[in-house]
Structure formats: structure tokens, C-alpha cells
Amino acid sequence: YEYRGGGFDTSTGIYKVPENGFYVFGLQANSGISKNTTKINFYENNSGHTVVYDGNVMGSLNNLGTSWIYILQKGDEVHLKVSIGSVNDFIPFI
């Protein structure tokens, strides 16, 4: 992960937005090892939005990836949560 301006708490996975602006987020991961649906949500101040959905009916360890831009205000808190299924591995952006 890369972040600027501080605000990311590695123990909780919550990023507290340091200033108003447009924020670019990216996600790369592998779905779980079983043939199950995987759904990852992005939460802004506890309001959830689906960013990745994979039916995963053909195999396991599917590549998952997306990016999005969000307008955030200073003090907003954002985080990701696997709401259905599992993720085998998050892949860091290089």
C-alpha cells in the first residue's frame, strides 16, 4: 500500500482522510481457494459500496482487481471489508 499524509492505521485497516480532495484507490487480490462468491466492499464512514464481485464458479484463486476515485472530506474514515466469501491474498501495488 501507498499513502500520503499519514492517517492509515495498520492495526485496524482504517484510513482517516487528512485533507479534502479526490482520492484514488486500487485493489488487487486473489479470491479464496474454494468455488464461492467473493464480494469486497469499500466503506466511507460506515456506508458500504461494492467494489469487487466475483461469482468464482469455474475455479479458485481468481484474480480480482479494480480502481476507483472518491471525493472525500478531512476526517472521513474509509476501509475495505470482505463481506462474502474470502480472499486468499491481497497483492501490493508496485
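Higher on the page you've got the structure.
Residues numbered from 1 in each chain as written. Predicted model: local features only at pLDDT ≥ 70, side-chain atom pairs only at ≥ 80, totals over all residues. Heavy atoms only, no water.

## Concerning the overall build of the protein
This is how the line gets drawn: A run of H or I in DSSP becomes a helix once it reaches four residues, and a run of E becomes a strand once it reaches two; helices and strands are each numbered from the N terminus. Each residue gets one of three labels from its accessible area relative to the maximum for its type: buried under 20%, exposed over 50%, partly exposed in between, using a 1.4 Å probe on protein chains only. Note on contacts: a residue pair qualifies if any of its non-hydrogen atoms lie within 4.5 Å across the two residues. Here the accessible surface of atoms and residues is derived via Shrake-Rupley with a 1.4 Å probe, and residues count as covered only by protein chains that are part of the display.
On a plain count of helices and strands, the protein comes out with zero helices and eight strands. Each helix (α) and strand (β) of the protein, taken in turn from the N terminus, gives the series β-β-β-β-β-β-β-β. Residues counted as buried form 28% of the 94 residues belonging to the protein. Summarising the internal contacts of the protein: among those between residues at least 6 apart in sequence, 69% fall at separations of at least 24. For the protein, the exposed surface amounts to about 6200 Å²; the carbon and sulfur share of it is 51%.

## A closer look at the pairing of strand S5 (residues 47-54)
Condition: One requirement defines pairing of two strands: DSSP has to find at least two bridges between them.
Sheet analysis places strand S4 (residues 38-44) next to S5, joined by seven bridges and oriented antiparallel. Across the sheet, residue asparagine 41 finds its bridge partner in S5, namely threonine 50. Between the antiparallel neighbours S4 and S5 lie two residues, among them asparagine 45 with a positive phi of about 50 degrees.

## Details of the side chain of asparagine 41
With respect to the element layout, asparagine 41 can be found in strand S4. Residue classification places asparagine 41 among the buried positions, given a relative accessible area of 8%. Leaving out residues up to four positions away in the same chain, asparagine 41 has contacts with His49, Thr50, Val51, His79, Leu80, Lys81 and Ser83.

## Section: the sheet that holds S4
Sheet architecture is open: five strands sit in the order S1-S2-S7-S4-S5, paired in antiparallel fashion. The outermost strands of the open sheet, each flanked by one partner alone, are strand S1 (8-9) and S5. Sheet analysis places strand S2 (residues 14-16) next to strand S7 (residues 77-84), joined by two bridges and oriented antiparallel. Counterpart to tyrosine 15 in the pairing with S7 is valine 78.

## Quick notes on the nonpolar core
Most often, soluble globular proteins have nonpolar side chains that are buried together. Test applied: In these notes, a set of buried Ala, Val, Leu, Ile, Met, Phe, Trp, Tyr and Cys residues joined through side-chain atoms within 4.5 Å is what counts as a nonpolar core.
Phe25, Leu27, Phe42, Val51, Trp68 and Leu72 are the most contacted members of the largest nonpolar core, which has 15 residues in total. Of all the elements in the fold, those that place two or more residues in this core are strand S3 (21-31), S4, S5 and strand S6 (63-72).

## Examining the packing of aromatic side chains
Put simply, the rule reads: Pairing of aromatic rings covers Phe, Tyr and Trp, the last counted by its six-membered ring, and requires centre-to-centre distances within 6.5 Å; plane angles under 30 degrees mean stacked, over 60 mean edge-to-face, and any other angle means tilted.
Scanning the entire structure with this criterion turns up five aromatic pairs. Among the aromatic residues, those joined into a ring-pair cluster are Phe25, Phe42, Trp68 and Tyr70.

## Concerning the environment of asparagine 88
Mapping asparagine 88 onto the fold places it in strand S8 (residues 87-90). Along the backbone, asparagine 88 and alanine 29 are 59 residues apart, and their C-alpha atoms lie at a distance of 7.5 Å. When sequence neighbours within four positions are dropped, the list of residues in contact with asparagine 88 reads Asn30, Ser31, Gly32, Ile33 and Leu61.

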